[in-house]
Amino acid sequence: MSDRERNMMTDYTSTEERLIFTERMRGVREDILRRLRPRNDREGTYIQPVSAGGRNPFADAFEAKPDAPYVICLADAIVRSWLDTPCLIYPGEALVGITRPFYPIMEHFSWGINFHEDVCDDPSYPDGQTERKRIDALRERMSPMTSSYMDECGRAKYGGERYGHICDEGMFWAGGYQGHTIPNYPTLLNTGLDGMLAKIDACETALASPEQSVSDFYEANRIIVRGMTAFLEKYTAHAETLAEGENDPIQRRYYREIAENCAFVAHRKPVTLYQALQLMWCLSLWDWVDCMGRVDQYLLPFWEYSKAHGDVITPEEGITSIMFKIWENGSHNSTLSGCKPEDGSDATNELSYLFLQVLRNIRDTHPRMVVRVGENCPQPLLELVVKLWSEGMSDPTIVSDTNVIPGLMKIEVPLRDARDYATLGCQEIEIPGKSNTGCEDGSFNVAKVFEIALRGGMATETPGFRIGPATKPFIECESYEELWESFREQLEFFTELHLWLCSRGQEIRAANHSKLVKGVFTDGVLESGRNHDDGGPLYNHGVVETAGIAAVADSLTAVKKLVYDERRVSRETLMAALEADFEGYEELRQMLLKAPKFGNNHDEADDTACRVLDLYWSECGKYRSVRGGLYTGACSLLTAGISYGSRTGALPDGRHAGEPLGNTMGPRPGADTRGVTSMLMSVAKLPLEKGVGGTTLNVLLPKSTMTSPELRTDIAGMMRAYMSNGGQMAQVTTADIGELLDAKKHPERHGNLIVRVGGYSHHFTQLSESVQNEIISRYASETAGG
């Protein structure tokens, strides 16, 4: 039996049988392993498969048209950067196209044009100083709006001194990343590149705008699409040339198949899976290998066609090939399963399982994948997910249709589109091909606001300077509700300030046309003639990442219990202890640590967490993004829980100044001591439907809990219950505490140990010591014997 036949017979739902790669795909895999870049290089798409070679295509494009509008020059520069990049086809691969080298000037969807002058120090640039001067001469023209705009607006609105002291607090990040969105891959695949040009023409005719800037915008979109066609034609010619000089008959056939495939999709819409995957990969490359959406849904018709009618490569080889490209180049997210938009029925199909089986065989931090779990999610799918976890993987993440779909409808997304949501970035949520959700517009440390509220609105970094409204400081609050009102007023003030600044960040991206490539393939952009960051997409809600909820809730619970209810601690003593970071107050600190904590299924502690989170996210929901949509909450903080914690003083939950706050929606690291079931029950009580920007949750499921089919079935049942009863997301770390501790001492023994950080997977031994310590601190229930 041949490799190809054996591969096609694989039961994709099986947790015991493993997918067998064909001989061709095994060769490709081994080749990738030899050149695979570190995880962080792939995450940032800094793969550098070829040298920049002394080229500076963005400078060339802008110099070639000194009087042309910015958006035209930007489109020309993007295209030139791709066409200047040498073609490279690796032996055996079926899908082609590599990322660009790191040029001195490049666009990025999170900002616009970025400058990387240090690239000019590369030996391939014969005169680096001259190249730097060339960049400086173009900088102003290439930067319609800079980051200084947001600070200028802030100083004008709030006063220079006050605004400066507010920023010194480390309370928020405004204007955030504002990057990830998912282009409309189904539109591209069902239309083709020539069809996209026809769509651009039709939209411009229908809009009939008299403004030259709108005409320029449409022409820029045409330039991008024509450039993608030229890119595919360049690979066609390169593959034909390689075929002519190739002696090995099998590789010669591969080159000819590549040439035919690229030539077909350079103009026509795909018919086979192989064609669809090549066109899909072309857009992904031009989109910085960002997020791909519901891959098992929009590829299904092409999969079924190729299974029924045959294809140049087997359908399984096609899916393996695109997964290998994602693996090597660090695509941020793809989504599987869920429900069908038209009727809400289960959408799981063969591809849902096959993608997971390929992921299982790759076993790395990429590809990053998410499985949507609804009420009708098939049990075999959940059991396959748990099987991957039991083998030491942190992917896939799971996300709840039960929670997310109603939450999206509350922020004005119609039911049909809400059912079609996908995940992106580090587990944010949007409607693929129709959205710009900020992702993220900013992040906000609620614990810092509470710290300011304790002081009645006075700065913590600049003692004696008022930055918030004048409210009662904690030592003057005669009742718990007075303290709550002080906190509420401060939170309302700083939330409005933060979201106002986030809108200024959005205006910067709009001026810079930061998502020009994405916009071509996003519904609403061509129809409205407005760019992706200027309200062009159909859905434009804002997203704010949220830090410090558990720390504030636990602090309030402890204050209510010890200060107001039991009167065991005076307000003055507690404030003195906080100012001293508990030095000389260890007995008091232990009392605070023993107060009920969120994450242990304790009703009072959990109710307080619900009240705090509802207050903040409801306040966010009063405001609209300058793009047009309502703000919603999120929590996927990566390592920001550590950095925000470093800027936050001691709190009444017993936390020392500088300790981490946590990077997901769960309890503060170390606070949950009653096991994973109690933790899940606590988190499921939160109003997570108000945070449909994506609220991750770290879940520790050591491999020892999944050693048998029966145990894995129990875990699948527990996670299904969490998804059905209020939970939104779960991202899993399966390492045992002993493995983590040994990996710190002997990293050379644990090169493949994968953990979840806060929205993404990472090799534990490649993390900084502070991040390693934060992950270990999550294991409080194990170290406490819980």
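Keep in mind that what you see is a predicted model, and the values were worked out from it rather than measured.

What to know about the packing of helix H2 (residues 23-35) against helix H15 (residues 315-329)
Then, in step 1: One can describe the packing of H2 onto H15 by two numbers: an axis separation of 11 Å at closest approach and a directional angle of 0 degrees. Classified by the angle between their axes, H2 and H15 sit roughly parallel to one another. Between H2 and H15, the contacting residues are Arg 24, Met 25, Val 28, Arg 29, Ile 32, Leu 33 and Arg 35 on the first element and Glu 317, Thr 320, Ser 321, Phe 324, Trp 327 and Glu 328 on the second.
Then, in step 2: A per-class count over the contact of H2 with H15 returns 6 nonpolar, 2 polar and 5 charged.

Observations concerning the nonpolar core
A general feature of soluble globular proteins is that nonpolar side chains tend to end up buried together.
Then, in step 1: In terms of nonpolar packing, the biggest core is built from 213 residues, with Trp 286, Leu 299 and Phe 487 touching the most fellow members.
Then, in step 2: For this core, the element with the highest residue contribution is helix H10 (residues 212-245), accounting for 13 residues.
Then, in step 3: Leave out the neighbours within four places in its chain, and Trp 286 touches Ile 78, Val 79, Trp 82, Ile 224, Gly 227, Met 228, Phe 231 and Val 517.

Things to note about helix H14 (residues 300-309)
Then, in step 1: For H14, the full list of buried residues reads Leu 300, Phe 302, Trp 303 and Ser 306. Each buried residue of H14 sits inside an arc of 165 degrees when the element is viewed along its axis, so together they form one side. When the buried face of H14 is taken as reference, the exposed residues oriented beyond 90 degrees from it are Ala 308 and His 309.
Then, in step 2: If you follow the buried residues of H14, they end up packed against helix H9 (185-207), helix H12 (273-286), helix H13 (295-298), H15 and helix H16 (350-362).
Then, in step 3: Of the residues trailing H14, Gly 310 is marked for its positive phi of about 85 degrees.

Observations concerning the sheet that holds strand E5 (residues 333-337)
Then, in step 1: Reading across from one edge, E4-E5-E6-E7-E14-E13 is the order of the 6 strands in this open sheet, with mixed pairing throughout. On the outer flanks of this sheet lie strand E4 (291-294) and strand E13 (698-700), each paired with one strand and no other. Shown here is a sheet whose adjacent strand axes are inclined to one another by a mean of 25 degrees, direction ignored.
Then, in step 2: Pairing analysis gives 4 bridges linking E5 to strand E6 (residues 369-373), with the strands arranged parallel. By the bridge assignment, Leu 336 is partnered in E6 with Val 371.
Then, in step 3: Against the sheet, helix H17 (residues 379-390) makes contact with E5, E6, strand E7 (397-400) and strand E14 (729-733), and its axis sits at roughly 145 degrees relative to E6, the strand it touches most.

Quick word on the pairing of E14
Then, in step 1: For E14, the buried fraction is high: 5 of the 5 residues fall into the buried class.
Then, in step 2: One ladder, built from 2 bridges, connects E7 with E14; its direction is antiparallel. Bridged to Ile 398 within E14 is Ala 730.
Then, in step 3: Across 3 bridges, E13 lies against E14 in parallel orientation. Looking at the pairing, Val 699 lines up with Val 732 of E14.
Then, in step 4: Handedness of the crossover is the feature at issue here: the chain leaves E13, passes through helix H30 (residues 709-724), returns alongside E14, and the resulting connection is right-handed.

Considerations on the sheet that holds strand E3 (residues 172-174)
Then, in step 1: The strand order across the open sheet formed by 4 strands is E3-E10-E11-E12, and the pairing between neighbours is mixed. Only two strands of the sheet have a single neighbouring strand rather than two, namely E3 and strand E12 (631-634). The sheet shows a mean angle of 30 degrees between the axes of neighbouring strands, taken without regard to direction.
Then, in step 2: In the sheet, strand E10 (residues 442-445) pairs with strand E11 (residues 542-547) via 4 bridges, with the strands oriented parallel. The residue bridging Phe 444 from the neighbouring strand is Thr 546, located in E11.
Then, in step 3: Across the face of the sheet, helix H20 (residues 446-454) comes into contact with E10 and E11 while running at roughly 40 degrees to E10.

Things to note about the pairing of strand E2 (residues 112-115)
Then, in step 1: Here strand E1 (residues 105-108) runs beside E2; their pairing, made up of 4 bridges, is antiparallel. Bridge pairing links His 108 to Gly 112 in E2.
Then, in step 2: Counted between consecutive antiparallel strands, the loop separating E1 from E2 contains 3 residues.

A few points about H2
Then, in step 1: Here H2 is 13 residues long and its end C-alpha atoms lie 19 Å apart, about the 18 Å a rise of 1.5 Å per residue gives.
Then, in step 2: Looking at H2, one finds that the buried residues are Arg 24, Met 25, Val 28, Asp 31 and Ile 32. Seen along its axis, H2 keeps its buried residues to an arc of 120 degrees; they face one direction. What points out from H2, more than 90 degrees from its buried face, is the exposed set Glu 23 and Arg 34.
Then, in step 3: Where the residues of H2 are buried, they touch helix H11 (249-265) and H15.

Some details on the environment of Asp 581
Then, in step 1: With respect to the element layout, Asp 581 can be found in the loop between helix H25 (571-579) and helix H26 (586-593).
Then, in step 2: Separated by 76 residues in the primary sequence, Asp 581 and Ala 657 place their C-alpha atoms 6.2 Å from one another.
Then, in step 3: Excluding residues that lie within four positions of it along the chain, Asp 581 makes contacts with Ala 650, His 656 and Ala 657.

Quick look at the pattern of salt bridges
Then, in step 1: Evaluated as defined, the whole model comprises 56 salt bridges.
Then, in step 2: The salt bridge involving Arg 627 is made with Asp 441; its shortest N-O contact spans 3.0 Å. Of this pair, Arg 627 sits in the loop between helix H27 (603-620) and E12 while Asp 441 is found in the loop between strand E9 (428-430) and E10, placing the two residues 186 residues apart along the sequence.
Then, in step 3: Residue classification places Asp 441 among the buried residues on the basis of a relative accessible area of 0%.
Then, in step 4: Residues Lys 515 and Asp 533 are paired through a salt bridge, measuring 3.0 Å at the closest nitrogen-oxygen approach. Pair noted here: Lys 515 is in the loop between helix H21 (480-512) and helix H22 (516-520) and Asp 533 is in the loop between helix H23 (525-528) and E11, with a separation of 18 residues, a long-range link.
Then, in step 5: By sharing partners, the salt bridges in this structure join Asp 201, Glu 204, Glu 219, Arg 222 and Arg 226 into a single network.

So, the packing of H14 against H15
Then, in step 1: Closest axis-to-axis distance for the H14/H15 pair is 9 Å, and the angle between their directions is 145 degrees. The segment H14 lies against H15, with Trp 303, Ser 306 and Lys 307 engaging Pro 315, Glu 316 and Ile 319.
Then, in step 2: Across the contact of H14 with H15, the residue classes tally to 3 nonpolar, 1 polar and 2 charged.

Topic: the environment of Ile 105
Then, in step 1: Position of Ile 105 relative to the elements: it lies in strand E1.
Then, in step 2: By relative accessible area, which is 0% here, Ile 105 ends up buried.
Then, in step 3: If we ignore the near neighbours within four places in the chain, the residues touching Ile 105 are Asn 56, Phe 58, Ala 59, Ile 113, Asn 114, Phe 115, Ile 135 and Met 142.

As for unusual backbone geometry
A negative phi angle characterises most non-glycine residues, just as the trans form characterises most peptide bonds.
Then, in step 1: For the bond from His 366 to Pro 367, the omega torsion is 0 degrees, close enough to zero to count as cis.
Then, in step 2: Note that Pro 367 resides in the loop between H16 and E6.
Then, in step 3: Residue Pro 396 is reached from Asp 395 by a cis peptide bond, and omega for that bond is 0 degrees.
Then, in step 4: Among the structural elements, Pro 396 can be located in the loop between H17 and E7.
Then, in step 5: A positive phi angle, close to 65 degrees, is found at Ser 337, a residue other than glycine.
Then, in step 6: With respect to the helices and strands, Ser 337 occurs in strand E5.

Focus on the packing of aromatic side chains
Then, in step 1: Counted by the stated rule, this structure contains 19 aromatic pairs.
Then, in step 2: Between Phe 62 and Tyr 70 the ring centres are 6.1 Å apart and the planes differ by 50 degrees, which places this aromatic pair in the tilted class. Both residues of the pair, Phe 62 and Tyr 70, count as buried.
Then, in step 3: When the ring of Phe 324 is compared with that of Trp 327, the centres are 5.7 Å apart and the planes differ by 55 degrees; the resulting orientation is tilted. Of this pair, Phe 324 and Trp 327 both sit in helix H15, 3 residues apart, which is roughly one turn of that helix. As far as the burial class goes, Phe 324 and Trp 327 line up, both buried.
Then, in step 4: Taken together through their ring pairs, the aromatic side chains of Trp 82, Phe 231, Tyr 235 and Trp 286 make up a single cluster.
Then, in step 5: Across the ring face of Phe 115, the terminal group of Arg 139 is positioned such that the distance to the ring centre comes to 4.6 Å.
Then, in step 6: Sitting over the face of the ring of Trp 484, Arg 611 holds its NZ or CZ atom 3.9 Å from the ring centroid.

Rules used throughout
- Residues numbered from 1 in each chain as written.
- Predicted model: local features only at pLDDT ≥ 70, side-chain atom pairs only at ≥ 80, totals over all residues.
- Heavy atoms only, no water.
- Axes fitted to C-alpha atoms, helices over the stretch in contact; angles between N-to-C directions.
- Helix = DSSP H or I, 4+ residues; strand = E, 2+ residues; numbered from the N terminus.
- Parallel < 35°, antiparallel > 145°, perpendicular 65-115°, else oblique.
- Contact = heavy atoms within 4.5 Å.
- Nonpolar A, V, L, I, M, F, W, Y, C, P; charged D, E, K, R; others polar.
- Core = buried A, V, L, I, M, F, W, Y, C linked by side-chain atoms within 4.5 Å.
- Buried < 20%, exposed > 50% of the residue type's maximum accessible area, 1.4 Å probe, protein only.
- Arc of directions from axis to C-beta.
- Pairing = 2+ DSSP bridges.
- Right-handed = clockwise from strand over helix to strand, strands pointing away.
- Expected span 1.5 Å × (residues − 1).
- Salt bridge = Lys/Arg side-chain N within 4 Å of Asp/Glu carboxyl O.
- Phe/Tyr/Trp six-rings, centres within 6.5 Å; stacked < 30°, edge-to-face > 60°.
- Lys NZ or Arg CZ within 6 Å of the ring centre and 35° of its normal.

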